[in-house]
Amino acid sequence: PQTISSTSTLSAQTAMDTLANAKQTPVLGYGNGLLGPTIRAQKGQNVNLNFTNKLSEHTNIHWHGLVIPATMDGHPDHMIMPNNSFNFQFPITQQAGTNWYHPHLHGLTGKQVTEGLAGMFIVESPEEKALNLPSGAYEIPLIIQDKRINTNGTIQYNPTMAEVMSGYMGETILVNGTNSPFLEVVSRFYRFRVLNGSTARIYNLVLSNGADFYVIGSDGGMLPQSESMKSLLLSPGERADVLVDFSGAKVGEMIYLENKQFSGMGDAQGVQGYKIMSFNVTNAEKDNFALPTALLPFTKLSGATKTRPFKLTMSMGNSREGMHQINGKVFDSDRIDEIVNLGSTEIWEFDNTDGDEAHPMHVHGVHFQILSRTGGRNTILPQESGWKDTVLVAPKEKVLVILKFEHKGKFVVHCHNLEHEDDGMMLNFEVI
Ligand code: C2O
Ligand code: CU
Ligand code: CU
């Protein structure tokens, strides 16, 4: 995707794009095709983006992963009507990392994201720059999304009741809006910023040559040190910032990014053994890059004064809406569900012990750290050790996270399976 600065203009619009079957079809985007530009901002900078809604329906933008004032966060209350503009202005105070943006309307998020509205928002900082990580042509965002594409080439999005339960899964997996993509690489280190931008599908990524992913960052920024992983489990909304070393690869070699079989996640799992994209090694090149032993400092949060339970439940009603609940409640925009004190530190407990579906739980307005995962997988993955904003709570699991609230106002906590979210698996909390 094209890159723009954070003091620019952006619009949601219909566009034409080719997804499959070589047919030009209408999509939504923040530009001339599916998806939107990658926005880059510096820590300490003020973002000033003038956004125009050129669609025939209302939309808004949520800056997923940016810790910013509530009035700029894209709460479902905040709608931007067709032909209206909104000036997003907020300071970037957080560390360098890989964030993203997408619409956040109650009931329409899954549809608008699937039709193409999403993009990456990268925060950079001098501290990160000093690490001399692969950059420029060697630093690539990868937005992975599955879609159901009709034979006429159009995107289909019409979840049935059963698909609201399991999540809506597509048979075509696009990377950066491209079907069966390849990237020509040279034999050196690359940095990939991987985002699972799918509505429901969970991926377990591996490289076909058995190479490692060196995970350097998670949702909220850099890890204290890199962690080498053979596979990378990513649920909807989560990001992983990884380095891959192609220096041992031969010219002409093709290395695939694949989805490896996994279990225990209900229905929201991968297309097994599916090749997501290929890296075609075109040239031998030497780089002197050495993996830094330490990345950026990381301070553990402590001193929580309250534990707040969030019980994830389901009710098999005959209504199409409200099957997924948190603490027995379905989202109501006008109801404040939890009140939190500004500056306080709390432990939030996401409890899926009775559930049989996977719920990637996401909190707005704050980053958190994972304290424990009991039941189910019973472990915290290495890539989950840093700052997070979305955590996968698989069936039978209870996950405890610690968070410190630094912005006043009304925010949401919700499941990032977008069918679940649109079904009402979301609560309001207000920081006062
Ligand atoms: Cu990425 Cu509330 O969402
Ligand atoms: Cu978010
Ligand atoms: Cu869910």
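Owing to the predicted nature of the structure, the values given are computational and were not obtained by experimental measurement.

A.B. asks: Which residues make up the overall build of the chain, and what values do they have?
C.D. replies: The number of helices and strands found in the chain is 4 helices and 32 strands. Relative to the compact-globule value of 22 Å for 432 residues, the chain shows a C-alpha radius of gyration of 20 Å, a close match. On the principal axes, the C-alpha backbone points of the chain span a range of 60 × 55 × 45 Å. Counting all 432 residues of the chain, 48% fall into the buried class. Across the chain, the fraction of contacts at a sequence separation of at least 24, relative to all contacts at a separation of at least 6, is 78%.

A.B. asks: Report on the sheet that holds strand S6 (residues 62–64), specifying residues and quantitative values.
C.D. replies: Within the open sheet, the 5 strands sit side by side as S1-S4-S9-S8-S6. Their pairing is mixed. The sheet terminates laterally at strand S1 (3–5) and S6, the two strands that pair on one side only. Across the sheet, the mean angle separating the axes of adjacent strands is 30° when strand polarity is ignored. Summarising the sheet, S6 and strand S8 (residues 97–102) pair through 3 bridges and their orientation is antiparallel. Across the sheet, residue His-64 finds its bridge partner in S8, namely Trp-100.

A.B. asks: Give a description of the environment of Phe-51 that names residues and reports values.
C.D. replies: On the secondary structure map, Phe-51 appears in strand S5 (residues 46–53). Remark: the alpha-carbon pair of Phe-51 and Gln-225, spanning 174 residues in sequence, is separated by 37 Å.

A.B. asks: Give a description of the UniProt feature "domain: Plastocyanin-like" (unreviewed entry) in the chain that names residues and reports values.
C.D. replies: Mapped onto the present numbering, the UniProt feature "domain: Plastocyanin-like" (unreviewed entry) falls on residues 19–127 and 307–431. Across residues 19–127, helical content stands at 7% and strand content at 38%; the span's end C-alpha atoms are separated by 39 Å.

A.B. asks: Break down the pairing of strand S26 (residues 345–351) for me, with residues and values.
C.D. replies: In terms of strand pairing, strand S23 (residues 306–314) meets S26 through 6 bridges, oriented parallel. The partner of Lys-306 across the bridge, within S26, is Glu-346. Where S26 lies against strand S30 (residues 398–404), 7 bridges are found, and the strand directions are antiparallel. Bridging across to S30, Ile-347 finds its partner in Ile-402.

A.B. asks: Lay out the confidence of the model for the chain with the relevant residues and their values.
C.D. replies: Caution applies to low-pLDDT parts of the model: their predicted coordinates are not meant to be read in detail. Chain-level pLDDT for the chain is 94 on average; 97% of the residues reach the 70-or-more range. For this predicted complex, the interface score ipTM comes out at 0.97, alongside a pTM of 0.96.

A.B. asks: Any chance you could break down the pairing of strand S20 (residues 239–245) for me, citing the residues and the numbers?
C.D. replies: Of all 7 residues making up S20, 6 are buried, and the element is well covered by its neighbours. Here strand S15 (residues 189–196) pairs with S20 via 7 bridges, running antiparallel. Note that in S20 the partner of Arg-193 across the bridge is Asp-241.

A.B. asks: Provide a residue-level description of the domain arrangement of the chain, including the pertinent values.
C.D. replies: Segmenting the chain into domains produces domain 1 (3–128), domain 2 (136–283) and domain 3 (306–431). For domain 1 and domain 3, the distance between their C-alpha centres works out to 23 Å. Each side of the interface is counted separately: domain 1 has 15 residues, and domain 3 has 18 residues. When grouped by side-chain class, the residues that make up the side of domain 1 that touches domain 3 number 6 nonpolar, 7 polar and 2 charged.

A.B. asks: Outline the sheet that holds strand S27 (residues 359–363), listing residues and values.
C.D. replies: Judged by pairing direction, the sheet is mixed, and its 5 strands sit side by side in the order S25-S32-S31-S27-S29 without closing on themselves. Two strands lie at the open edges of the sheet, namely strand S25 (338–340) and strand S29 (390–393), each paired on one side alone. On average, each strand axis in the sheet is tilted by 25° relative to the strand beside it, whichever way the strands run. The sheet contact formed by S27 and strand S31 (residues 409–415) spans 3 bridges and is antiparallel. Bridge assignment links His-362 to a residue of S31, and that residue is His-414.

A.B. asks: I'd like a rundown of unusual backbone geometry, residues and numbers included.
C.D. replies: Phi is positive for Asn-132, close to 55°, though the residue is something other than glycine. Along the chain, Asn-132 falls in the loop between helix H2 (126–129) and strand S10 (139–149). Judged by C-beta crowding, with 11 C-beta atoms within 10 Å, Asn-132 ranks as exposed. Non-glycine residue Asn-378 carries a positive phi angle of around 55°. With respect to the helices and strands, the residue Asn-378 is situated in the loop between strand S28 (368–374) and S29.

A.B. asks: Please provide a residue-by-residue account of the environment of Asn-428, values included.
C.D. replies: Topologically, Asn-428 is positioned in strand S32 (residues 426–431). The spatial distance from the C-alpha of Asn-428 to the C-alpha of Asn-341 is 14 Å, given a sequence separation of 87 residues.

A.B. asks: For the environment of Asn-21, give the residues involved together with the corresponding values.
C.D. replies: Looking at the element boundaries, Asn-21 is found in the loop between strand S2 (7–18) and strand S3 (24–29). Spatially, the C-alpha atom of Asn-21 lies 7.6 Å from that of Asn-152, the residues being 131 residues apart in sequence. With near-sequence residues (within four places) excluded, Asn-21 lies in contact with Thr-151 and Gly-153.

Basis of the calculations
- Residues numbered from 1 in each chain as written.
- Chains lettered and ligands numbered in written order.
- Predicted model: local features only at pLDDT ≥ 70, side-chain atom pairs only at ≥ 80, totals over all residues.
- Helix = DSSP H or I, 4+ residues; strand = E, 2+ residues; numbered from the N terminus.
- Rg over C-alpha atoms; globule rule 2.2 N^0.38 Å.
- Buried ≥ 20, exposed ≤ 12 C-beta atoms within 10 Å, placed from the backbone.
- Contact = placed C-beta atoms within 7 Å.
- Pairing = 2+ DSSP bridges.
- Axes fitted to C-alpha atoms, helices over the stretch in contact; angles between N-to-C directions.
- UniProt positions renumbered as here; feature names shortened; annotations may be inferred.
- pLDDT = per-residue confidence, 0-100.
- Domains from an automatic or database assignment.
- Nonpolar A, V, L, I, M, F, W, Y, C, P; charged D, E, K, R; others polar.

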